[in-house]
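Close look at the chain arrangement
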Amino acid sequence: MTGPRTLYDKIWDDHVVRRGDDGTDLVWIDRHLIHEVTSPQAFEGLRVAGRRLRRPDLTLAVPDHNVPTTARDLPNPDPQSALQLEMLTRNCAAFGVELITMNEAAQGIVHVIGPEQGFTLPGVTLVCGDSHTATHGAFGALAFGIGTSEVEHVFATQTLQLKRARTMRVTVTGTLGFSISAKDVALAICGRLGAGGGTGHVIEYAGPVIEALSMEGRMTVCNMAIEAGARAGLIAPDAKTFAYVAGRPRAPQAAALDAALAYWRTLPSDAGAVFDAEITIDGSAIAPLVTWGTSPEDVVPITGVVPEPGAFADPSKQAAAAASLAYMGLTPGDRLDGVQVENIFIGSCTNSRIEDLRAAAAVAKGRHVAAHVRQALVVPGSGLVKRQAEAEGLDRIFIDAGFDWREPGCSMCLGMNPDKVPAGERCASTSNRNFVGRQGPGARTHLLSPAMAAAAAVTGRLTDVRELMA
Amino acid sequence: MQPFHTLSGVAVPFGASNVDTDVIIPARFLKTITRAGLGAHAFATLREDPANIFDAPRNTGAPILIAGDNFGCGSSREHAPWALADMGFRVVIAPSFADIFAGNAFKNGMLLVALPQDQIDRLLMVAADHEITVDLENQVVTTPFQDRFAFAVDPFRKDCLLHGRDEIALTEARGTDITAFEARLRPWVGGAARTAA
Ligand code: SF4
């Protein structure tokens, strides 16, 4: 390909093993992360076909979705979860895959540990049987979620048969206001594009707001690319990226690092590269956002009200909005500010990194979780995040404020372990999905930022954190 | 993979939009270690209603599902197509599909047919009382009336479905290309994880 290229084009072109004549290319995969939920059937497939893993040295396993966030020394209370976790251990041993076990400090949510370990690098192709794999795009890696058949395909061949996606650039201009975080940016993008707006595209996030974000914030933004329908999100690697990566346990070192840096600096989209779609969002206008419905596109500023379903142009959206409101127990015109919540979840691959915990702790400090709040969980993204937070005294702030300080894992993001939201109750959650039943059957999820979740915890209501902290 | 040519049968006129993978198979049923048996839990939340469309006697075991746009959005869980397949579905017809779901469905021998909303509306009406036919070879959906709705399908996927090809075996046939590529890997790519001694 000649002429100016996008970051996506460059990574793609560098990984094509064989170009197909029908538009499907055979693409090399540099990094494969696996966890306990989407891997057992892939290992089963290998076993049935008598195949081996082609590149175990590019494959890293960690349990996260099912792990308990309390008392890890006790037997797992759920026999099915225990079996899935046990199968991961057995399969990794049988096929020679490195496993970070539940009791190591390095364990955590797969999308937190990849970058933390330096497994995630700029310019690589990275896959995982999990749709939030786009998180790793924050490093300028082409990272996307795959299904279990594809997991098996990567196991066996270290490649995938893929069609090139269309490209979209989302430029966020201006500067973020007081208490506005990367999560608000991610939600603003979902609201603007809609849950299907990015379908068929890979999004490159750009502009001054994105450049100003820390690596943690960039991961939060890329994490939710899938919530706008895009399979992958990308951010051009820069000095911040390189500083984060250098010195990580699995990152290249010394001369190899210099060679890698020289290559990584060539990756950003060329001036004049053309995207199939361009969207611009005014970052200065973003307010703290919360969701009112059961799709991540259902966002409204905390100062706003629940919309009238009839106000949507699309009739199918009208019906969906009406169903969402019935499920959520909300009425059009209700103010979001002041809606009572009984559960708080600070965690998930969207918002469980050190910066997220700092933002929540800054709000929790010297305050107390409201009396009617049933549970307020803080679940660090990894054992290393937990350790760092404890070194900074954040655990004491949370515990003194009446939060539960837990062991790392996916936890209440999807409620596969005992951390669930009871039916009919609300949860102010820093996770990424507010789907029907996501946090437990009948659970009502409001997505928001870590600072907003902490504000909801201490007031027991959805609250404008800007007022609380003013 | 089982070959797919032409299929005629009952089509469940579901019609809902933005059906996400948590609706298709809630997370609490993902704790399986094999592919089979998920059909019993497919659409679990909707099926709590005794009058739900899926358990209507005419619809149980139906091979075709008709849905609204953005079908299969949400997670990458392949449990979604496994659950649909275990219920008996081999074809889903909708205005659009989420990307990952589409890939997963195809890999399990399921045909996804994208048609414009007005044709979907017509099929939803017809399917309430009549069988419909999906012909992959000729890329057309027909009804017992005069309807003939042509659909697009990726040539690679069409070929795999028609012949029931195993994608991994197809890729393995490119082994020389893969080995050649591997020899040129950037030096820092390999050795990121420990391998068994
Ligand atoms: S934290 Fe939630 S979204 Fe992230 S990987 Fe775990 S279950 Fe998936």
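Before reading further, recall that the structure is shown in the block above.
Residues numbered from 1 in each chain as written. Chains lettered and ligands numbered in written order. Predicted model: local features only at pLDDT ≥ 70, side-chain atom pairs only at ≥ 80, totals over all residues. Heavy atoms only, no water.

Moving on to the packing of helix α3 (residues 99–107) of chain B against helix α5 (residues 155–163) of chain B. Residue and element names in this part refer to chain B. At their nearest, the axes of α3 and α5 sit 10 Å apart, and the two run at 30 degrees to each other. Judged by the angle between their axes, α3 and α5 are roughly parallel. Of the residues in α5, those touching α3 at Ala 102, Gly 103 and Phe 106 are Phe 156, Arg 157, Cys 160 and Leu 161. Split by residue class, the contact of α3 with α5 holds 5 nonpolar, 1 polar and 1 charged. (Axes fitted to C-alpha atoms, helices over the stretch in contact; angles between N-to-C directions. Helix = DSSP H or I, 4+ residues; strand = E, 2+ residues; numbered from the N terminus. Parallel < 35°, antiparallel > 145°, perpendicular 65-115°, else oblique. Contact = heavy atoms within 4.5 Å. Nonpolar A, V, L, I, M, F, W, Y, C, P; charged D, E, K, R; others polar.)

Next up on the list: the site of the ligand. Surrounding the ligand, one finds His 65, His 111, Asp 130, His 132, Ser 348, Cys 349, Cys 410, Cys 413, Leu 414, Asn 432 and Arg 438 of chain A. Along the lines of polarity and charge, the residues of the shell around the ligand split into 4 nonpolar, 5 polar and 2 charged. (Near = heavy atom within 4 Å.)

All names here are of chain A. Applying the stated criterion across every chain yields a total of 42 salt bridges over all chains. With a shortest N-O distance of 2.8 Å, Glu 278 and Arg 169 are connected by a salt bridge. Of the two residues, Glu 278 sits in strand β12 (residues 277–282) while Arg 169 sits in strand β9 (residues 166–173), which places them 109 residues apart along the sequence. The exposure class assigned to Glu 278 is partly exposed, which follows from its relative accessible area of 44%. On the basis of relative accessible area, Arg 169 is assigned to the partly exposed category, the value being 23%. For the salt bridge of Glu 297 with Lys 317, the shortest nitrogen-to-oxygen distance reads 2.7 Å. A residue pair is termed long-range when its members are at least 10 positions apart, and Glu 297 in the loop between β13 (289–291) and β14 (299–301) and Lys 317 in helix α11 (residues 315–328) qualify at 20 residues. Here Glu 297 and Lys 317 have matching classes, each one buried. (Salt bridge = Lys/Arg side-chain N within 4 Å of Asp/Glu carboxyl O. Buried < 20%, exposed > 50% of the residue type's maximum accessible area, 1.4 Å probe, protein only.)

Residue and element names in this part refer to chain A. Counting through the fold element by element, Thr 135 comes out in the loop between β6 (125–128) and β7 (142–145). Overall, Thr 135 belongs to the buried group, its relative accessible area being 0%. Through-space distance from the C-alpha of Thr 135 to that of Thr 220 is 6.8 Å; in sequence the pair is 85 residues apart. For Thr 135, the residues in contact, after removing those within four places along its chain, are His 111, Met 219, Cys 222, Asn 223, Cys 349 and Arg 353.

Next up on the list: the packing of aromatic side chains. A full pass over the atoms with the stated rule returns 17 aromatic pairs over all chains. For the ring pair Phe 398 of chain A and Trp 405 of chain A, a centre distance of 5.9 Å and an interplane angle of 15 degrees mean the geometry is stacked. For the residue pair Phe 398 of chain A and Trp 405 of chain A, the accessibility class agrees, reading buried in each case. A ring pair is formed by Phe 106 of chain B and Phe 156 of chain B, whose centres lie 6.4 Å apart and whose planes are at 55 degrees; its orientation type is tilted. One end of the pair, Phe 106 of chain B, is in helix α3; the other, Phe 156 of chain B, is in helix α5, and 50 residues separate them in sequence. Assessed through its relative accessible area of 4%, Phe 106 of chain B is described here as buried. Residue class for Phe 156 of chain B comes out buried when judged on its relative accessible area of 17%. Clustering of aromatic rings is evident, with ring pairs tying together Phe 242, Tyr 263 and Trp 264 of chain A together with Trp 188 of chain B. (Phe/Tyr/Trp six-rings, centres within 6.5 Å; stacked < 30°, edge-to-face > 60°.)

Another aspect to go through is unusual backbone geometry. One non-glycine residue, Ser 179 of chain A, lies in the positive phi region at around 70 degrees. Judged by relative accessible area, Ser 179 of chain A falls into the partly exposed class, the value being 23%. In the Ramachandran plot, Asn 18 of chain B falls in the positive-phi region, its phi being about 50 degrees despite a non-glycine side chain. Here Asn 18 of chain B shows up in the loop between β2 (11–13) and α1 (21–24). Note on Asn 18 of chain B: relative accessible area 30%, which makes it partly exposed.

Residues and elements named next belong to chain B. Two strands pair when backbone bridges link them, and strand β1 (residues 6–9) and strand β6 (residues 132–135) are joined in this way by 4 bridges, in the antiparallel orientation. Directly across from Leu 7, in β6, lies its bridge partner Val 134. Note that β6 and strand β7 (residues 140–142) share 3 bridges and pair antiparallel. Counterpart to Thr 133 in the pairing with β7 is Thr 142. (Pairing = 2+ DSSP bridges.)

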